[in-house]
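The chain contents come next:
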Amino acid sequence: MIKENLAQVRENIQKACSNAERDREEVTLIAVSKTKPVAMLREAYECGCRDFGENKVQELIDKYDQMPKDVRWHMIGHLQRNKVKYIVDKVVLIHSVDSLRLAEEISREAVKKQVEVSILLEINIAGEESKFGVKPEEAENLARDIARLPGIRIKGLMAIAPYVENPEENRQYFALLKQLSVDISAKNIDNVNMNVLSMGMSGDYMVAVEEGAVCVRVGTGIFGERQYPVK
Ligand SMILES: *Cc1c(COP(=O)(O)O)cnc(C)c1O
């Protein structure tokens, strides 16, 4: 099941790259494994997946301990400041930084552990009330403030597009995020890099790739629907 799903997702990414005349090597598929058992992650690993995304700190560190050491872990969910210390030395990228206070905490822990932490700024690209992330117009100033902190490096932007039936509806938002990254990049802010664009999920990753995604975060499309315990 996972094997076939992965083959399909990879084929789709390849197609989207061809459509946009992009090099397939530019796009990293992140397997979003939240709520899924380690056995399923191992299956994806056997099929060549090395980038895994989780949205909860405890779950990430549990799985970190059980999976091979060459897995690249991505923190894609909202991060509380008091939990930063558990993951700074375990993740390759924190996708969800949307405040200076969170960045300051990451910086503090990075310095303490003598690591350099790569982060993305999470942008609320469609201005949805329910979503985390900074407003697009606030991103540049936040980037300038974070760029002064030691131990932390801005690598680009991340967005969660609205839930839509037709992925074409999200093309505008992916294009906006791309444009924002180009605009910020043009400011040549010291210590700020805009090479990574993390956008696109199971429903819309092909459109995201066509609009310039560098990381796509695919959960359901690889592992199937998630089941959350009834509370
Ligand atoms: C769960 C999640 C995904 C994956 O969603 P799917 O629709 O299952 O592909 C991607 N990004 C973030 C931030 C998520 O929380």
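Our subject is the structure listed above.
Let us look at the structure shown here. (Residues numbered from 1 in each chain as written. Predicted model: local features only at pLDDT ≥ 70, side-chain atom pairs only at ≥ 80, totals over all residues. Heavy atoms only, no water.)

### Notes on the site of the ligand
Okay, so step 1: With respect to spatial proximity, the complete set of residues near the ligand consists of Val32, Lys34, Ile76, Met158, Ile160, Met201, Ser202, Arg217, Val218, Gly219, Thr220 and Arg226.
Okay, so step 2: With respect to the ligand, the side chain of Ser202 contributes an N or O atom lying 2.5 Å from an oxygen atom.
Okay, so step 3: At 2.8 Å, a backbone N or O of Gly219 approaches an oxygen atom of the ligand.
Okay, so step 4: Protein burial of the ligand: of its 390 Å² of free accessible surface, 89% is covered by the chains. (Near = heavy atom within 4 Å. Polar contact = N/O pair within 3.5 Å; in protein donor to acceptor, adjacent residues only side chain to side chain. Areas by Shrake-Rupley, 256 points an atom, 1.4 Å probe, with all protein chains shown as cover.)

### Notes on the state of the cysteines
Okay, so step 1: Inspection of the entire model under this criterion finds 0 disulfides.
Okay, so step 2: Free cysteine: Cys17, not disulfide-bonded; nearest cysteine sulfur from Cys215 at 13 Å. (Disulfide = S-S within 2.5 Å.)

### Details of the nonpolar core
Okay, so step 1: Counting residues in hydrophobic clusters, the biggest one holds 70 residues, and the most contacted among them are Phe52, Ile94, Ile106, Ile119 and Ile146.
Okay, so step 2: Excluding its chain neighbours within four sequence positions, the residues that come into contact with Ile146 are Val97, Ser99, Leu100, Ala103, Ile119, Leu121, Ile152 and Ile154. (Core = buried A, V, L, I, M, F, W, Y, C linked by side-chain atoms within 4.5 Å. Buried < 20%, exposed > 50% of the residue type's maximum accessible area, 1.4 Å probe, protein only. Contact = heavy atoms within 4.5 Å.)

### Quick word on the pattern of salt bridges
Okay, so step 1: For the structure on display, the rule yields 19 salt bridges.
Okay, so step 2: Put simply, Arg50 and Asp70 hold a salt bridge, and the shortest N to O gap is 3.2 Å. One end of the pair, Arg50, is in the loop between helix 2 (38-46) and strand 2 (51-54); the other, Asp70, is in the loop between helix 3 (57-66) and strand 3 (72-75), and 20 residues separate them in sequence.
Okay, so step 3: Asp70 gets classed as partly exposed once you look at its relative accessible area, which sits at 38%. (Salt bridge = Lys/Arg side-chain N within 4 Å of Asp/Glu carboxyl O. Helix = DSSP H or I, 4+ residues; strand = E, 2+ residues; numbered from the N terminus.)

### Description of helix 6 (residues 139-147)
Okay, so step 1: For helix 6, the full list of buried residues reads Ala139, Leu142, Ala143, Ile146 and Ala147. Take helix 6 and look down its axis: the buried residues cluster within an arc of 130°, on one side only. (Arc of directions from axis to C-beta.)

### Digging into the packing of aromatic side chains
Okay, so step 1: What the rule picks out here adds up to 1 aromatic pair.
Okay, so step 2: Taking the centre distance of 5.9 Å and the plane angle of 40° together, the rings of Phe52 and Trp73 count as tilted. Of the two residues, Phe52 sits in strand 2 while Trp73 sits in strand 3, which places them 21 residues apart along the sequence.
Okay, so step 3: In this structure Phe52 comes out as buried when scored by relative accessible area, which is 0%.
Okay, so step 4: For Trp73, a relative accessible area of 1% corresponds to the buried category.
Okay, so step 5: We note Arg50 situated over the ring of Tyr45; from NZ or CZ to the ring centre the distance is 3.5 Å.
Okay, so step 6: Cation over ring: Lys90 sits above Tyr64, and NZ or CZ is 5.4 Å from the ring centre. (Phe/Tyr/Trp six-rings, centres within 6.5 Å; stacked < 30°, edge-to-face > 60°. Lys NZ or Arg CZ within 6 Å of the ring centre and 35° of its normal.)

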